[in-house]
Each structure stands twice: as C-alpha cells, then as structure tokens.
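The chain contents come next:
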Amino acid sequence: MDKFKHRTISRRKALKIGAMATATAAVVGSGLFTRIPAQAETTLPKNPEQIGFLHDQNKCVSCRRCQAACKDLNKWEPGVEWRKVLARKSSEAYLSMSCNHCDNPACLTVCPVGAYTKREKDGVVIHNREICVGCKYCMYACPYHAPRFSEETGRISKCHFCYERQDKGEMPACVQACPVDALHYGKMSELRKTEGGVSQVKGLPNPDLTKPNLVIIPKP
Ligand code: SF4
Ligand code: SF4
C-alpha cells in the first residue's frame, strides 16, 4: 500500500486546516451544536469502496454504550477518547463522533514519520502507534480532534474502525453496542442515499476541508 498516496493536500495546508477548525471544535466540545442546512450530502468519496459512519440523532438516547464498547475493546488510556457522545444543551440532541476516515486525511498529510495509512480496500485510516513519535502534528491538523495524545504512552492513538473485526466479518464494537440502532456503518455510496442525511451540522467543521465519511440524520 502506498501510504502517501492520499496526501492530496500539503502539510502546511493541513496544519492550517487544523488551526482554522480549532475554534469550531471548541464549540463542538462545549456541546453547542445545532442543525444547519445540508451541504455535501451528494458528494461521493473518490474510492467507491470507502466506508463511513451514520449517526441518527433522532434515535440516539445518549446512553454512551458506543463510547464504552470502544473503550473496553481498545483499552483507552486516561483522557484518551476515540469516540465521544456530544450533547446539544438547548434540546435533547446528541452526536456520537470518532475519526471520520476522511477522503483527504489531514492527519496522514502532516505526520513526519508516516504513522498513518489509508487502506485501499475500504478507505479506513489507520494509525501505527509503534512508529508514532508523539509530535502531535496530527492532533493539531485534524479538524475533528480525533487523534488523542496519551500522557502515559507519549503517543497518539485514534479510532481504527475496528478494521480487524471487520476483516473477520464482525461489526465495529460501537455499532454493535448501540441498543437503539442509532449508529450504523457501511459503504458511503449507500449511506449518502439515506433520507434526511447530511454531512455537517452547525458546530462541526466545513466538510470540504477533509471530506469526512460521516452521515448525520439531524434532530429537528
Ligand atoms: S477525522 Fe481527523 S484523524 Fe480521522 S481521518 Fe479525518 S483528519 Fe484524520
Ligand atoms: S450507543 Fe447508540 S443510543 Fe447510546 S449514545 Fe451511542 S449512538 Fe446514542
């Protein structure tokens, strides 16, 4: 696999994207997101096999079992959250977020040691902890703040879409754990057809920055 094949933007641009998104992410982190009109729901990824997540805000009850299942399976270090359920304060709307396995992964672009790869077979973006040097460039570049730094290990880690489970025909742990069917995964070419699905809700970064593979069914 050519790990640099997906460097479609320069390292400098990728770091700029991260800086631009920092203010936005702070809003997301504080739980202030609200719906805005659909933007890129018709944009299909370049790889027809690309997979992604779909989160239905109308079904999600914020039980956080998706988060817990990921933590149990991947043994997060303290303060390292690969998946997080965000809350809108003004109404009961939630958003379960992880890495979006973007078409233009800024994390991969900026990494100076090539710790990131994007699989050809399904577009999953995988981080190799063994060669990570903990410089945090990817953390600054990612508009979704998906790469997390561990003080314990001095390295980054992030969601890998349970690719090893998927290779055995199993679901990602977060999707399997959801008791109300709010979290799905599948080929983006299919998920994008979901009625009412959008690529962005207010408070999330502009999807044109990295082309995230995420569909949200927003709560009105
Ligand atoms: S969400 Fe962030 S970490 Fe995940 S692929 Fe996109 S840029 Fe990389
Ligand atoms: S497990 Fe399902 S219902 Fe519970 S927080 Fe996650 S997405 Fe929402």
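Structure: see above.
Now for a description of the structure that goes with this document.

What counts as what
- Residues numbered from 1 in each chain as written.
- Chains lettered and ligands numbered in written order.
- Predicted model: local features only at pLDDT ≥ 70, side-chain atom pairs only at ≥ 80, totals over all residues.
- Heavy atoms only, no water.
- Salt bridge = Lys/Arg side-chain N within 4 Å of Asp/Glu carboxyl O.
- Helix = DSSP H or I, 4+ residues; strand = E, 2+ residues; numbered from the N terminus.
- Buried < 20%, exposed > 50% of the residue type's maximum accessible area, 1.4 Å probe, protein only.
- Near = heavy atom within 4 Å.
- Nonpolar A, V, L, I, M, F, W, Y, C, P; charged D, E, K, R; others polar.

### Overview of the pattern of salt bridges
Scanning the model with the defined rule gives 10 salt bridges in all. One salt bridge connects E49 with K187, and the closest N-O pair in it is separated by 3.0 Å. Of this pair, E49 sits in the loop between helix 1 (11-29) and strand 1 (51-56) while K187 sits in strand 8 (residues 183-187); the two residues are 138 residues apart in sequence, bridging distant segments of the chain. Accessibility expressed as a relative area gives 37% for K187, which makes it partly exposed. Note that E81 is salt-bridged to K84, the shortest N-O span being 3.6 Å. By relative accessible area, which is 24% here, E81 ends up partly exposed. K84 gets classed as partly exposed once you look at its relative accessible area, which sits at 29%. One salt-bridge network, in which partners are shared between bridges, spans R119, K121, D122 and D167.

### Observations regarding the site of ligand 1
Taken together, 13 residues surround ligand 1, and among them C99, N100, C102, C107 and C142 come closest. Here the shell around ligand 1 is composed, by residue class, of 10 nonpolar, two polar and one charged.

### Description of the site of ligand 2
Taken together, 13 residues surround ligand 2, and among them C60, C63, R64, C66 and C178 come closest. Tallied by class, residues from the shell around ligand 2 come to nine nonpolar, two polar and two charged.

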